[in-house]
Amino acid sequence: MKILKFGGTSVGSVESISKLLQIVEREDQSTGNPVIVLSAMSGVTNLLSAMADKASQGGTFQDELKQLEERHFDVIKELLAVSRQNPVFTQLRILFNEIEDLLQGVSMLRELTPRTRDLVLSYGERCSTFMISKIAGQEKDNTIFVNAADLVKTDSSFGQAKVNMELTEILIRDYYEKNKSKMLFVTGFIASNDEGRITTLGRGGSDYTAAIFGSALNASEIEIWTDVNGMMTADPRMVKKAFSLPELSYTEAMELSFFGAKVIYPPTMIPAFMKKIPIVIRNTFEPDFIGSVIKHNCDSSDLAIKGISSINDISIINIEGSGMVGKAGFSGRLFSLLAREQINVILITQSSSEHSITFAIHPTDAAKAQRVIEHEFELELLAKKLEAPIFEKGLAVLAIVGENMKQTPGISGKLFHALGRNGINVRAIAQGSSEYNISVIISHDDLNKGLNAVHDAFFVDLNKTLNLFCLGTGNIGKTLFRQVQEHRQFLQEHNGIQIRVVGIGNTRKMYFDPDGIDLENWETTLDSAGQTADLSAFVEKMKNLNLPNCVFADNTASLKPIEFYHEIFSSNISIVTCNKIGNSSSYSQYKLFKDTARTHGVDYFYETNVGAGLPIVRTLKDLMVSGDRVLSIEAILSGTISYIFNNYKGDVTFHDIVKQAQEKGYTEPDPRDDLKGTDFMRKMLILARDAGYPLEAEDVHIESMLPQSCIDAQSVDEFYAELKKEGAFFENLKKQAQAERKVLRYIAKLEDGKATINLQMVDDTHPFYALSGSDNIISFTTDRYKERPMVVKGPGAGADVTAAGVFADIVNVGAQ
Ligand SMILES: NC(=O)C1=CN([C@@H]2O[C@H](COP(=O)(O)OP(=O)(O)OC[C@H]3O[C@@H](n4cnc5c(N)ncnc54)[C@H](OP(=O)(O)O)[C@@H]3O)[C@@H](O)[C@H]2O)C=CC1
Ligand SMILES: N[C@@H](CC=O)C(=O)O
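Residues numbered from 1 in each chain as written. Chains lettered and ligands numbered in written order. Predicted model: local features only at pLDDT ≥ 70, side-chain atom pairs only at ≥ 80, totals over all residues. Heavy atoms only, no water.

### Description of the environment of Asp456
- Among the secondary structure elements, Asp456 is positioned in helix H14 (residues 447-458).
- The spatial distance from the C-alpha of Asp456 to the C-alpha of Phe335 is 37 Å, given a sequence separation of 121 residues.
- Residue contacts for Asp456: discarding those within four places in its chain leaves Lys241, Asn463, Lys464, Thr465 and Asn549. (Helix = DSSP H or I, 4+ residues; strand = E, 2+ residues; numbered from the N terminus. Contact = heavy atoms within 4.5 Å.)

This is the structure we're talking about:
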């Protein structure tokens, strides 16, 4: 036999009650005659409580009472045959009249005792259960309404009564024996004391009633029917990727429930736990979903943790001072005081120096706690043996829970890494020696971000989500969006990575959507819904959204975003950039960016700064971290100039070939940057710095390949005009090279810490002779690659290869 308990939302409407009846019928058909435990209709207990409070202050409650009556009557009118309605209306009217009389009394006396409050609240369950038993009774002739107050016996702690299990079990068994053929509809939450006065079982008391009946009747299972798909790995309102747990132990369920997962009330589990009765959490609105089973001897699970729980709003009090050190009984005195004052302590941490104790409480208790502590420890405070307690609000608890955590190294490391990487400061930490739960206190504002980051870190089989903010929608930016869109599904399926572009900006507009911008339509969205571009507002928004695993991609060629890099790193946001200006300005700035990224545990990837998508920066980094030493670098790193020399043949003019390079997307937004050697210089500077040489731009000696008139051109148009005029100059260069059976190459060399770039004519014995397209080539001579240098060669410019390099950098964020 099973116990089926339905919560407030499951009895809250005509639709949900209809579903409930189908579930009961299905159960009756399959295993036979379940016992049904019901809550009050959703919101009714709170409303009754508010009405009682109002009455105690002389306020009116009649309108609310009328609403309550109508809510029940509407259900009856919809679900009960007209011929059966009258007796039910009559009985319910009696109950509502009793509530009215009670509240009148409260109003007259201006007094609401806990005993009276319990009595008022009891009507919620009595009305709903009586009503539903009658509705069910029209299909079955064996339904019976059971007022649990007659069977569940408690002490007189009104509001949170303690059950006399022995007596209660006898009464329940006895009643069940006498009514074995009946289908019992039992009121949850309510009980009575020795004198027959109504008591209540506290928050989640209907679950408790179900467990008490389950234990007394040795039920095969206790099913808790609610409005969610079982217990989930985290609060699905905050963590979109949270999923239902098929199975968990009593301890895990208890730990998760204590910390906010309101699916089940922890004390509920005790009677079930004692008798090893499985508790199954199921969804009334999705009855075919299997839900979560809480039981003994769960199957072993691969999951390092079972879930992440949280409490949204807590306060902490920190007490410190020499008066506590080595003083046996200090904490006993403190926590007995709090218990006496009915202040619930959520979490406690104490430093091993015994110099301080921090504990968390509900914010509503904070002022009282501070007052009673100051009173209790008045003498110690006066004698300066204790500091005045420090009270902090606006905090939250995040807890990871799971039996697999026990004796598994690395769990806390993973937790703190996920939090630290996302810039979340941990205010206090608690872990019981049972190792089932590690709890941290963080700022309330960081809770959402923390939950998502920790969820991503532990549930590795799920997609890791990278939240991407992209600046620059030109050649590279728009190609990146296309590639991300095209590759999205593969990345998700094969690499478990989900890239969500949450912000896009250019010089004109910016647009944000924390749920992800549709990359099929980003251009239209940006144009129609975007706000006017403002770089500092872009950065501010990026910070304020406070999303986990954030990446800022700079796909501009502008100095302006660079000014924000330090602030971005300091906000624990990784940067991926193809913009070379950041790394090629002053050495101190280059170093600052690297140091800041490292300090904040985020990534700074700029593979495309040199050789577009070719693995040059990464290769050099690997050489360096493995202890190699770069002796020299020889390279062609301008894709544009490479393309020009590889295609400057026959009748085509130098001017036209530069135009072609620009049209193919090889040049910088301003092609003068390529032809003057500025772009090449930037790349050499970055490589030299990455190789350990702290060079400045002026240390790179550039021999220009342009006549002075082209260098002096004040605009791009003027530049092209000068290129045309200087046609003969370039023609001569070409002919001279051809006459010597050589090719033109613009080559850089870094040797002995000195960098030079110059135009050379090389013959077919030179390793840089055979190039085509926009090829770059780089040869590293190092301690380990001395006899034969290490060479990387391939296309070094173009939107596709560059965007692919940016894409790879983004995917690698957080990988190490
Ligand atoms: N082409 C290549 O092969 C390679 C290029 N790169 C680098 O890629 C970067 C981008 O090049 P590319 O796409 O060709 O350039 P584009 O000129 O095509 O695009 C630049 C984009 O940046 C935006 N932008 C410029 N300044 C700002 C600013 N201050 N705030 C916001 N947005 C801004 C522009 O906005 P708007 O649209 O409003 O003008 C535009 O969308 C450059 O740094 C380049 O060096 C690196 C390796 C190879
Ligand atoms: N304009 C650059 C593009 C890559 O950085 C080049 O031509 O190499």
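### What about the site of ligand 1?
- Near ligand 1, the surroundings consist of 25 residues, among which Ile476, Thr507, Thr556, Glu668 and Gly798 are the closest.
- Between ligand 1 and the protein, one listed contact pairs an oxygen atom with a backbone N or O atom of Ile476 at 2.8 Å.
- One of the side-chain nitrogen or oxygen atoms of Ser558 is found 3.3 Å away from a nitrogen atom of ligand 1.
- Considered on its own, ligand 1 offers 910 Å² of accessible surface; in the complex 84% of this is hidden by protein.
- There are two domains that each give the shell around ligand 1 at least three residues, and those are domain 3 (464-612) and domain 4 (616-796). (Near = heavy atom within 4 Å. Polar contact = N/O pair within 3.5 Å; in protein donor to acceptor, adjacent residues only side chain to side chain. Areas by Shrake-Rupley, 256 points an atom, 1.4 Å probe, with all protein chains shown as cover. Domains from an automatic or database assignment.)

### Regarding the site of ligand 2
- Lining the immediate surroundings of ligand 2 are 13 residues, of which Gly639, Thr640, Tyr666, Asp674 and Lys683 lie closest.
- The contact in question runs from an oxygen atom of ligand 2 to an N or O atom on the side chain of Thr640, over 2.5 Å.
- The backbone of Tyr666 places a nitrogen or oxygen atom 2.7 Å from a nitrogen atom of ligand 2.
- Notes on ligand 2: free accessible area 250 Å², of which the protein chains cover 94%.

### Comments concerning the sheet that holds strand S15 (residues 428-431)
- What the six strands build is an open sheet, ordered S12-S13-S11-S14-S16-S15; its pairing is antiparallel. The open sheet has two free edges, formed respectively by strand S12 (345-350) and S15, since each of these has just one partner strand. Averaged over all pairs of adjacent strands, the angle between strand axes in this sheet comes to 30°, irrespective of strand direction.
- Pairing between S15 and strand S16 (residues 437-443): four bridges, direction antiparallel. By the bridge assignment, Gln431 is partnered in S16 with Ile438.
- Of the strands in this sheet, strand S11 (307-320), S12 and strand S13 (356-361) touch helix H10 (residues 330-340), which is tilted by about 20° from S13. (Pairing = 2+ DSSP bridges. Axes fitted to C-alpha atoms, helices over the stretch in contact; angles between N-to-C directions.)

### Quick look at the packing of helix H13 (residues 411-421) against H14
- It is the contact of H13 with H14, at a shortest axis distance of 9 Å, that shows an interaxial angle of 135°. Here H13 is positioned oblique relative to H14, judged by the angle of their axes. Helix-helix and strand crossings are classified by hand; for H13 and H14 the assignment is right-handed. For the pair H13 and H14, the contacting residues are Ile411, Lys414, Leu415, Ala418 and Leu419 in the first and Gly450, Ala453, Val454, Ala457 and Phe458 in the second.
- In terms of residue class, the contact of H13 with H14 is made up of eight nonpolar, one polar and one charged. (Parallel < 35°, antiparallel > 145°, perpendicular 65-115°, else oblique. Left-handed = near helix turned anticlockwise from the far one by under 90°. Nonpolar A, V, L, I, M, F, W, Y, C, P; charged D, E, K, R; others polar.)

### Looking at the packing of aromatic side chains
- Considering all chains together, one arrives at 28 aromatic pairs under this definition.
- Note on Phe469 and Phe512: the rings are 6.4 Å apart at their centroids and 50° apart in plane angle, and the pair reads as tilted. Here Phe512 lies in strand S19 (residues 509-512) and Phe469 lies in strand S17 (residues 464-471), a separation of 43 residues in the sequence.
- Connected via pairs of aromatic rings, a cluster forms that spans Phe469, Phe512, Phe538, Phe552, Tyr565, Phe569, Phe593, Tyr604 and Tyr606.
- The side chain of Lys659 reaches across the aromatic face of Tyr720, ending 4.0 Å from its centre.
- Positioned over the ring face of Tyr648 is Lys734, at 4.4 Å from the centre of the ring. (Phe/Tyr/Trp six-rings, centres within 6.5 Å; stacked < 30°, edge-to-face > 60°. Lys NZ or Arg CZ within 6 Å of the ring centre and 35° of its normal.)

### A few points about the packing of helix H1 (residues 14-30) against helix H5 (residues 114-137)
- Running from amino to carboxyl end, H1 crosses H5 at an angle of 60°, the nearest separation of the two axes being 11 Å. As summarised for this structure, H1 and H5 are arranged oblique, according to the angle between their axes. Like other packed secondary-structure pairs, H1 and H5 cross with a definite hand, here right-handed. Across the interface between the two elements, Ile17, Leu20 and Leu21 from H1 touch Met131, Ile132, Ile135 and Ala136 from H5.
- Across the contact of H1 with H5, the residue classes break down as seven nonpolar, no polar and no charged.

### Describing the domain arrangement of the protein chain
- For the protein chain, the assigned domains read domain 1 (2-227), domain 2 (307-458), domain 3 (464-612) and domain 4 (616-796).
- Each of domain 2 and domain 4 has a C-alpha centre, and these two points are 60 Å apart.

### Description of the pattern of salt bridges
- Under the defined criterion, the tally for this structure stands at 46 salt bridges.
- Of the charged contacts in the structure, one is a salt bridge between Arg237 and Asp235, with a shortest N-O distance of 2.7 Å.
- Judged by relative accessible area, which is 73%, Arg237 ranks as exposed.
- Taking relative accessible area as the criterion, Asp235 reaches 19% and is therefore assigned buried.
- The shortest N-O distance in the salt bridge between Arg672 and Asp670 comes to 2.8 Å.
- Each of Lys2, Glu27, Glu221, Glu223 and Arg282 takes part in one network of salt bridges that share partners. (Salt bridge = Lys/Arg side-chain N within 4 Å of Asp/Glu carboxyl O. Buried < 20%, exposed > 50% of the residue type's maximum accessible area, 1.4 Å probe, protein only.)

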